[in-house]
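Here are the chains, one letter per residue:
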Amino acid sequence: MDTSTERQVELAITGMTCASCANRIERKLNKLDGVVATVNYATEKAKVTFTDDVAPEDLVATVQQAGYDARLPQPERAGAAGPDGDAAEAADPVRTLRHRLLVSAALTVPVIAMAMAPALQFTYWQWLSLTLAAPVVVWGAWPFHRAAWANLRHGTSTMDTLISLGTLAALGWSVYALFWGTAGTPGMTHPFELTVARTDGAGNIYLEAAAGVTTFILAGRYFEQRSKRRAGAALRALLELGAKEVAVLGPDGRTETRIPVEDLTVGDLFVVRPGEKIATDGVVEHGTSAVDASMLTGESVPVEVGPGAAVVGATVNAGGRLVVRATRVGGDTQLAQMARLVEDAQNGKAQVQRLADRISGVFVPIVILLAAGTLGFWVGTGSGLAAAFTAAVAVVIIACPCALGLATPTALMVGTGRGAQLGILIKGPEVLESTRRVDTVVLDKTGTVTTGEMTLRDVIAADGEQADDVLRYAGALENASEHPIARAIADGARERLGSLPPVEDFANVEGLGVQGVVREQDPAAPGSRAVLVGRPTLLAEWSQHLPPDLEAALDHAQQSGGTAVAVGWDGKARGIVVVADAIKATSPAAVAELRQLGLRPMLLTGDNVVVARSVAAEVGIDEADVIAEVLPTDKVDVVKRLQDEGRVVAMVGDGVNDAAALAQADLGLAMGTGTDVAIEASDLTLVRGDLRVTVDAIRLSRRTLATIKGNLFWAFAYNVAALPLAAAGLLNPMLAGAAMAFSSVFVVTNSLRLRGFRAHAGTGLDATG
């Protein structure tokens with residue numbers, strides 16, 4: 001019987017250039033007995049589950065045999081140190097690529113200028129072109145050559161194969177023409193002749209094509225690599241949320257010592273003052289307070305805690321002083337578990353193959369066969385080896401589309417630029433494919449559909465009382481409290497009534513409310529009032545029982561998702577004040593517009609069912625599409641369940657509790673007014689907190705994707721149309737250069753059309769940008 005146990009390891013993979021590389025590594029690893037692997041091209045990580053029969057070193061060796069490199073996790077990786085270390089290492093490939101791009105661009109510009117402008121073609125210009133272009137094709141394009149060699153060894157081909165073949169063929173033939181043909185003759189020029197005629201190629205050089213293709217595609221790879229680095233930033237940002245230092249109580253119970261949070265151990269007692277983050281998961285030993293856990297739970301109302309209550313690390317103490325006993329530290333905390341949840345969701349995402357690589361899987365072998373067939377045909381017909389090589393090399397060169405290097409970057413650059421004007425940030429080309437297929441939009445409630453902050457909703461006075469008096473006394477008393485509900489009442493009172501009267505003998509009754517004496521400043525009605533504000537039980541202790549009309553109003557407020565606070569003075573209950581997480585004014589219109597796009601809006605929240613259904617009814621979401629009282633892990637499960645039902649899911653959220661679901665969704669959209677973690681885990685960021693921008697984001701993404709597809713089609717179409725001419729030996733350098741230039745101009749012009757994208761009129765944005 002097999003008694004081997006399963007283990008998990010995360011390998012850092014280097015050397016991947018496209019999604020097909022990730023698939024190849026995945027297949028190699030999964031061929032090992034007892035190994036189940038998932039490779040993520042975006043995060044450059046391989047998550048591997050394996051049995052004791054397999055050594056971790058075997059996994060690294062398997063990746064290396066596939067032509068790539070892998071690194072096992074470092075032993076010292078713990079807490080926040082790991083991601084920071086990874087960040088330093090992850091910066092290197094981007095910096096190297098940027099350096100390679102800048103040098104290549106500086107050398108390429110004069111090469112293209114001399115080839116296209118006869119006025120610059122001085123006596124030995126072709127030799128200067130060779131001097132400048134050779135480093136670009138050999139050193140600048142080295143990543144493509146290395147990837148092409150790895151592809152060749154494994155019998156596959158990608159765009160790297162075509163780029164490497166085309167650039168090396170162009171350079172090789174140019175060297176032949178310069179040294180053994182007539183292209184090196186002093187005074188040789190490239191005239192503007194677009195005639196179609198047979199030639200032996202002895203006077204043709206293709207250096208501008210070789211250097212230009214290399215530089216254009218390096219630019220595309222650089223922007224892609226830079227966007228890929230952001231995938232790991234979600235985890236770094238998540239771990240950065242935690243406290244950095246903690247005040248630990250000494251054995252005497254009085255002495256406080258500040259230590260790094262990494263040094264905290266289970267069982268330690270530590271102090272959390274008002275406004276501080278709770279350092280780690282624990283249980284309250286002394287003190288009472290309100291804890292704002294909205295970023296982790298999505299619950300907009302702060303949670304009251306006292307001795308024996310469990311608290312979670314990285315939440316904020318909004319009230320009194322707490323003494324907490326640590327129960328979980330380091331990688332066991334809920335925050336660390338959420339970090340793993342985000343990473344798992346990113347690793348589990350369906351691999352999105354780049355369009356160019358999918359096309360190249362068919363296109364590249366055909367081009368190679370056509371070039372070989374052309375060479376064989378012309379040699380067989382006795383046209384001479386030079387003419388045969390000219391035709392064969394022309395096939396490879398014209399098939400290496402200069403415009404392909406511009407197809408995705410230019411559309412993405414214009415699309416993202418226009419998006420930025422409209423408050424939409426698109427992470428990269430990989431995220432766009434989902435937008436066309438999305439049919440369900442899952443909306444987080446707190447901070448997305450609602451403001452995420454408690455605000456004054458209603459004031460209800462008992463018979464014979466004035467609502468303004470109820471609000472003035474409640475606001476004056478609550479103005480002395482730091483509780484989030486108290487702040488909402490005080491702010492609402494100041495906004496409606498102006499200044500508030502002073503308070504004396506203020507006292508906080510733990511868990512029930514506040515009491516004090518409000519001194520009237522109105523000369524017409526001087527005096528003071530002994531005021532109580534809080535739960536009905538607080539008023540009942542002073543024999544101030546709510547009359548039936550206020551009882552009914554309080555019940556109705558709670559049923560409709562509000563939080564009701566009772567107010568009484570001078571021995572009698574006088575009214576109630578209702579606060580709630582206010583719905584954003586634009587949310588109902590946004591939900592209606594999502595429906596017009598053919599999308600099904602759903603509400604997902606950690607709040608209770610009553611609140612969730614009340615919000616859904618107000619914004620126009622069906623009750624059947626409301627999912628409430630869910631934990632962060634449940635949010636991921638909801639998204640997975642919808643995906644299992646065959647739905648393509650977009651998730652809109654703003655909090656830490658949404659990060660894993662944003663990563664799991666086919667399309668993640670984060671409110672820019674939310675946490676860094678949610679923004680980093682998402683695919684699209686909506687800079688403003690307006691839900692209507694979601695509609696524009698999906699429309700712009702679909703439009704950008706359509707432009708990229710159009711660019712790719714024409715980038716290949718021009719080259720495919722020219723292939724017969726090349727195979728017939730009728731393609732001279734100027735015609736090849738003109739075809740390449742025309743296809744590039746077309747691609748850029750087509751991309752620039754995205755600048756005319758208009759936002760929905762309802763967003764109030766500049767429609768022309």
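Per an unreviewed UniProt entry, the recorded name for the chain is Heavy metal translocating P-type ATPase, and the organism is Nocardioides vastitatis. A UniProt comment under Sequence similarities (unreviewed entry) is attached to the chain, and it reads "Belongs to the cation transport ATPase (P-type) (TC 3.A.3) family. Type IB subfamily."

Chemist: I keep staring at a nonpolar patch on the surface and nothing clicks. Help me out?
Modeler: A cluster of nonpolar side chains, Phe-122, Tyr-124 and Leu-128, forms an exposed patch at the surface whose accessible area comes to about 300 Å². As for its placement among the helices and strands, Tyr-124 is situated in the loop between helix 3 (81–116) and helix 4 (125–140).

Chemist: Would you explain the nonpolar core in this entry?
Modeler: Taken as a class, soluble globular proteins show a tendency for nonpolar side chains to be buried jointly. Grouped together as the largest cluster of nonpolar side chains are 49 residues, with contacts concentrated most on Ile-205, Leu-207 and Val-395. Where this core is concerned, the elements lending two or more residues are helix 3, helix 4, helix 6 (159–179), helix 7 (207–228), helix 11 (355–380), helix 12 (385–399) and helix 25 (692–727). No other element matches the 9 residues that helix 6 contributes to this core. Ignoring sequence-local partners within four residues, the contact set of Val-395 consists of Val-367, Leu-370, Ala-371, Thr-374, Leu-723, Ala-726 and Ala-727. If you look at the next biggest cluster of nonpolar residues, it comprises 39 residues, including Leu-412, Leu-443, Val-611 and Ile-698.

Chemist: What am I meant to see in the environment of Thr-333 here?
Modeler: Residue position: Thr-333 is located in the loop between strand 13 (322–328) and helix 10 (334–347). The sequence separation of Thr-333 and Gly-282 amounts to 51 residues, and the corresponding C-alpha distance is 9.3 Å. Sequence-distant contacts of Thr-333, that is, excluding residues within four places in its chain, are made with Thr-280, Asp-281 and Arg-328.

Chemist: Even after reading the chapter, I still don't get the pattern of salt bridges, so can you show me in this structure?
Modeler: Side-chain pairs of opposite charge can arise where the charged atoms are in close proximity. Here the structure, examined in full by the defined rule, presents 22 salt bridges. Here Asp-469 ties to Arg-472 by a salt bridge, and the two come within 2.8 Å at their closest N and O atoms. A residue pair is termed a helical-turn pair when its members lie 3 or 4 positions apart in one helix, as Asp-469 and Arg-472 do in helix 16 (residues 467–478) at 3 residues. Note that Asp-625 is salt-bridged to Arg-600, the shortest N-O span being 2.6 Å. One end of the pair, Asp-625, is in the loop between helix 21 (609–619) and strand 23 (626–627); the other, Arg-600, is in strand 22 (residues 600–604), with 25 residues separating them in the sequence. What you see here is one network of salt bridges that share partners, running through Glu-256, Arg-273 and Arg-321.

Chemist: Got a minute to help me understand the packing of helix 4 against helix 5 (residues 142–153) in this structure?
Modeler: To describe two helices that pack against each other, one gives the angle between their axes and the distance between the axes. The contact between helix 4 and helix 5 brings their axes to 5 Å, and the two run at 45°. Classed by the angle they form, the pair helix 4 and helix 5 counts as oblique. Seen from helix 4, the contacting residues are Val-137, Val-138, Trp-139 and Gly-140; seen from helix 5, they are Trp-142, Pro-143 and His-145. Grouping the constituent residues of the contact of helix 4 with helix 5 by class yields 5 nonpolar, 2 polar and no charged.

Rules used in this analysis
Residues numbered from 1 in each chain as written. Predicted model: local features only at pLDDT ≥ 70, side-chain atom pairs only at ≥ 80, totals over all residues. Heavy atoms only, no water. UniProt positions renumbered as here; feature names shortened; annotations may be inferred. Patch = residues over 30% accessible without salt bridge, like charges linked within 9 Å, V, L, I, M, F, W, Y side chains within 5 Å. Areas by Shrake-Rupley, 256 points an atom, 1.4 Å probe, with all protein chains shown as cover. Salt bridge = Lys/Arg side-chain N within 4 Å of Asp/Glu carboxyl O. Helix = DSSP H or I, 4+ residues; strand = E, 2+ residues; numbered from the N terminus. Core = buried A, V, L, I, M, F, W, Y, C linked by side-chain atoms within 4.5 Å. Buried < 20%, exposed > 50% of the residue type's maximum accessible area, 1.4 Å probe, protein only. Contact = heavy atoms within 4.5 Å. Axes fitted to C-alpha atoms, helices over the stretch in contact; angles between N-to-C directions. Parallel < 35°, antiparallel > 145°, perpendicular 65-115°, else oblique. Nonpolar A, V, L, I, M, F, W, Y, C, P; charged D, E, K, R; others polar.

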